[in-house]
Amino acid sequence: MSFLHYLSIPNYFDAPLAFSSIPSILLGFPMSLFLTAISFFLANVIGLFLTLAQLSNKKVFRWPAKAYISFMRGVPMLVVLFIIYFGFGAEALPAAIISFTIICSAFVSEVFRSSFSAVDIGQWEGGFSVGMSYRQVVRHLIFPQAFRIAIPALGNILLDMFKGTSLAAMITVGEMFMQAKIIAGANQDYMTIYITIAFIYWFFCWMMTIAQTALENKLKLD
């Protein structure tokens, strides 16, 4: 593939190196995907409970949830990652999952809160009027509608989380950015490899955006 040399920019981008490094970088993709999937799932579960706590009439639930969300939204993910990994001595992979989950859950909760508020109050009243319990109203009437409203914002959080998994390289988790750092160090060409990994992240985010759009269209509200 000698034509790749024509795509190179001296001292900035080595196209043959970039092309040959892609398979090695992608060795970390399963870990990046795993971190994203498990952390996003757990964040949605925790975020839903935080939302219900925020909407509760009882201060004992509402104020701790608000304090948690405020703190986690205001602290950099890297700081939380280092606290859990270095401060509490957790293993690298669990530390990454915990950090990504607790930070993401705060943002997910805010998305769900606004989505719940967007559902017409008549849906709540209608459910209670036919004898449904609070749990039944939330499960069967409110959450399905709120989820559809929340999809675009949740999609953005998912994209941010996928990109954020690159921070796990700071504590030696073998995801894509960690692989890129190893290759860059071995070849002493950081610019080429970092440009390459940037396009790889963009490609997967683009694919996720397509999937998000398809899901939005499938669940589109009338």
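Notes on the structure follow. All figures in this text were calculated on a predicted structure; none of them were measured in a lab.

Details of the overall build of the protein
Looking only at helices and strands, one finds nine helices and zero strands in the protein. For the protein, the α and β elements follow one another from N to C terminus as α-α-α-α-α-α-α-α-α. Taken against the 2.2 N^0.38 rule, which gives 17 Å for 222 residues, the C-alpha radius of gyration of the protein at 21 Å runs more than 25% over that of a compact globule. Taken along its principal axes, the extent of the C-alpha atoms in the protein is 75 × 45 × 25 Å. Buried positions account for 40% of the 222 residues belonging to the protein. Summarising the internal contacts of the protein: among those between residues at least 6 apart in sequence, 72% fall at separations of at least 24. Total accessible area computed for the protein in this model is approximately 12,600 Å², and 68% of it derives from carbon and sulfur atoms.

Here's the deal with the nonpolar core
Core analysis: the biggest nonpolar cluster contains 38 residues, and Ala 96 and Leu 154 have the highest contact counts within it. Where this core is concerned, the elements lending two or more residues are α2 (29-54), α3 (59-74), α4 (77-87), α5 (92-118) and α7 (134-164). Examining the composition of this core, we find that 13 residues originate from one element, α5, more than from any other. Leu 17, Phe 162, Met 178 and Ala 180 belong to the second-largest nonpolar core, a separate cluster that totals 18 residues.

Observations concerning unusual backbone geometry
Not every positive phi belongs to a glycine, and Thr 172 is a case in point at roughly 75 degrees. In this structure, Thr 172 sits in the loop between α7 and α8 (176-187). We note that Gln 188 has phi near 50 degrees; this positive angle belongs to a residue other than glycine. Locating Gln 188 in the fold gives a position in the loop between α8 and α9 (190-218). Among the residues examined, Gln 188 registers a relative accessible area of 60% and is labelled exposed.

Considering α9
Here α9 spans 42 Å end to end across 29 residues, near enough to the 42 Å set by a 1.5 Å rise per residue. On its buried face, α9 sits against α1 (15-26), α2, α7 and α8.

What counts, and at which threshold
- Residues numbered from 1 in each chain as written.
- Predicted model: local features only at pLDDT ≥ 70, side-chain atom pairs only at ≥ 80, totals over all residues.
- Heavy atoms only, no water.
- Helix = DSSP H or I, 4+ residues; strand = E, 2+ residues; numbered from the N terminus.
- Rg over C-alpha atoms; globule rule 2.2 N^0.38 Å.
- Buried < 20%, exposed > 50% of the residue type's maximum accessible area, 1.4 Å probe, protein only.
- Contact = heavy atoms within 4.5 Å.
- Areas by Shrake-Rupley, 256 points an atom, 1.4 Å probe, with all protein chains shown as cover.
- Core = buried A, V, L, I, M, F, W, Y, C linked by side-chain atoms within 4.5 Å.
- Expected span 1.5 Å × (residues − 1).

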